[in-house]
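# A look at the structure
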Amino acid sequence: MTDPTDRRPAATSDDVDAIRRLKARYFRLMDTKQWDEMRSVFTDDCHFDTTADGAPEIDGADRFLAMIRRFIEHAVTVHHGHMPEIELTGPDSATGVWAMEDELWFPDGGPIRHLHGFGHYHETYRRTPDGWRIASLRLTRLRVDRQ
Amino acid sequence: MTDPTDRRPAATSDDVDAIRRLKARYFRLMDTKQWDEMRSVFTDDCHFDTTADGAPEIDGADRFLAMIRRFIEHAVTVHHGHMPEIELTGPDSATGVWAMEDELWFPDGGPIRHLHGFGHYHETYRRTPDGWRIASLRLTRLRVDRQ
Amino acid sequence: MTDPTDRRPAATSDDVDAIRRLKARYFRLMDTKQWDEMRSVFTDDCHFDTTADGAPEIDGADRFLAMIRRFIEHAVTVHHGHMPEIELTGPDSATGVWAMEDELWFPDGGPIRHLHGFGHYHETYRRTPDGWRIASLRLTRLRVDRQ
């Protein structure tokens, strides 16, 4: 029962499911603006590369959340993820690619009224004592329309 | 072999997969207008709360299907679900949250021509002798555009 | 340990996951235009029925890729898949239905500028020495808008 090779397949499938649910929380908590709960989907030192959208690279989940709140706190946002490709790269580490689409409606008076984008998230995950967390996130874009 | 703690992980994963396929049938059968087959995805006493769309709360799958058929029978509809968060709450019960997007094109002459919405389904599931069924469905909306 | 009935459930779940990742590669490699890598998601003799879009039926992955490259090589394309219903039909064969949405932006000067479609993929899969492959693909449409 304690031979690790016995437990590997079940653990693998459970880990992939846990990472799918982690990313589901990322999307839901962002679009429902539950910032405190959203903080828990990232490692403290998470690295964010959304330079494809013109943002600077950011290290640290707190700094990223402060940035994202300034950007979308008062917008209606819809972020959807699709078709994950998740690979375990070690007992406590994994990578994932997700197709994504986002649509944002900003309040009147700002520089943009509407953003509609398509692309992929390229992520790494780390298992912590509190479960799997997003350890890095890079966004590539197929197309972005701004009005 | 009969110790229930032995069987829990495999059962859990199979049940989550069964609930994913159940919700996939819900979407496909609605958009392809296969009403008789769609009836089988719900428990008889299923509770529907789509008050976010202005509909009354409805108890009973037959009453809901009669309502939905009146509303979309002659429309082209696309309903997509994303990023499930499914939790087993007992051996025969589960909850699920799904991100969703729907787009409907109505025939000429009606009160609406086009609806495009975004939100979340909050659902409960019950295992019946015929498999998992949707036992309650509540829709919350992030945004709905009507033309 | 070698009784095949013992191993069936784990194999089933792994196979379904492998087919999900196979289809994820299909979408990602098409939209990022990685044609050589995309070739490996199909069996050599794969049958393609996209007659719903006005294309002829095609036998053979090489012929399909030549056709699809002529059609979308210079377009920005987004293809998303949702809500799979995958069933194993034998130890080395499976079927799958996927909801889909595609949006294509063509270069100036062509017969179409923009296509936005919705429908379902109806597919079969075959396990080969190199893993699961798409063995046939049929597209049905709920709606297609062309501009």
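This section reports on the structure supplied with the text. (Residues numbered from 1 in each chain as written. Chains lettered and ligands numbered in written order. Predicted model: local features only at pLDDT ≥ 70, side-chain atom pairs only at ≥ 80, totals over all residues. Heavy atoms only, no water.)

### Description of the pairing of strand β1 (residues 42–49) of chain C
Residues and elements named next belong to chain C. Of the strand pairs in this sheet, β1 and strand β6 (residues 131–146) are connected by 4 bridges, and their pairing is parallel. What sits directly across from F48, in β6, is L137. Where β1 lies against strand β2 (residues 58–59), 2 bridges are found, and the strand directions are antiparallel. Bridge assignment links H47 to a residue of β2, and that residue is D59. (Pairing = 2+ DSSP bridges. Helix = DSSP H or I, 4+ residues; strand = E, 2+ residues; numbered from the N terminus.)

### Concerning the layout of surface pockets
Taken as a whole, the second largest pocket holds about 740 Å³ of empty space. Taken together, 38 residues form the lining of the second largest pocket, with R20(A), D17(B), R20(B), R20(C) and P84(C) sitting closest to its centre. Contributing elements (two or more residues each) for the lining of the second largest pocket: α1 (4–31) and β3 (76–90) of chain A, α1 (4–31) and β3 (76–90) of chain B together with α1 (4–31) and β3 (76–90) of chain C. Per element, the largest residue contribution to the lining of the second largest pocket is 8 residues, and it comes from β3(C). (1 Å grid on protein atoms, 1.4 Å probe; cavity = no way out; pocket = protein on both sides within 12 Å on 5 of 7 lines; lining within 4 Å. Points joined across faces, edges and corners; volume = space filled by probe spheres on them.)

### Points about the interface of chain C and chain B
Many analyses report the size of an interface as the accessible area lost when the parts associate. Taken together, the 17 residues of chain C in the interface contact 20 residues of chain B. For the pairing of chain C and chain B, the buried interface totals around 1500 Å² over both sides, and the portion due to carbon and sulfur atoms is 62%. The largest share of the area that chain C buries against chain B comes from M83(C), E85(C) and L142(C), three residues that together contribute 40% of it. Taken together, chain C and chain B are joined by 2 salt bridges. Taken together, the elements giving at least two residues each to the side of chain C that touches chain B come down to α1, β3, β4 (93–105), β5 (114–128) and β6 of chain C. When residues in the side of chain C that touches chain B are grouped by element, the largest group, 6 residues, is from β3(C). In the side of chain C that touches chain B, the residues fall into 8 nonpolar, 3 polar and 6 charged. (Contact = heavy atoms within 4.5 Å. Buried area = accessible area lost by both parts, 1.4 Å probe. Salt bridge = Lys/Arg side-chain N within 4 Å of Asp/Glu carboxyl O. Nonpolar A, V, L, I, M, F, W, Y, C, P; charged D, E, K, R; others polar.)

### Here's the deal with the relation of the copies chain A and chain B
For the pair chain A and chain B, the superposition axis carries a translation of 0.0 Å, the fit reaches an RMSD of 0.0 Å, and the rotation angle comes to 120 degrees. Overall, the copies show the geometry of a three-fold rotation axis. Proximity to the rotation axis, assessed at the C-alpha, singles out H82(A) in chain A; its C-alpha lies 4.1 Å from the axis. The two copies present different faces, since only 14% of the interface residues in chain A are matched by interface residues at the equivalent positions in chain B. (Least-squares fit on C-alpha atoms with pLDDT ≥ 70 in both.)

### Notes on the relation of the copies chain C and chain B
Turning chain C through 120 degrees and shifting it by 0.0 Å along the axis lays it on chain B, with an RMSD of 0.0 Å. Comparing contact sets, just 18% of the residues at the interface of chain C also lie at the interface in chain B, consistent with a heterologous contact between different surfaces.

### A word on the sheet that holds β6(C)
Residues and elements named next belong to chain C. Strand order in this open sheet of 6 strands is β2-β1-β6-β5-β4-β3, and the pairing throughout is mixed. Among the strands making up the open sheet, the edge pair consists of β2 and β3. In this structure, β4 lies alongside β5, joined through 13 bridges in antiparallel fashion. Paired with V97 across the strands is H122, a residue of β5. Contacts from helix α3 (residues 61–72) reach β1, β2, β3 and β4 within the one sheet, and its direction differs from that of β1 by about 55 degrees. (Axes fitted to C-alpha atoms, helices over the stretch in contact; angles between N-to-C directions.)

### Thoughts on the interface of chain A and chain B
Residue-level contacts link 21 residues of chain A with 18 residues of chain B. Where chain A abuts chain B, roughly 1500 Å² becomes buried across the two surfaces, and 62% of that area is made up of carbon and sulfur atoms. Contact with chain B buries surface across chain A, with R28(A), H80(A) and W105(A) losing the most and accounting together for 32% of the total. Taken together, the connections running from chain A to chain B amount to 3 salt bridges. The partner of E85(B) in a salt bridge is R28(A), and the shortest N-O contact between them spans 2.5 Å. Applying the counting criterion to the chain A and chain B interface returns 2 residue pairs in polar contact (both at pLDDT 80 or more). Taken together, the elements giving at least two residues each to the side of chain A that touches chain B come down to α1, β3 and β4 (93–105) of chain A. Here the element with the most residues in the side of chain A that touches chain B is α1(A); it accounts for 10 residues. (Polar contact = N/O pair within 3.5 Å; in protein donor to acceptor, adjacent residues only side chain to side chain.)

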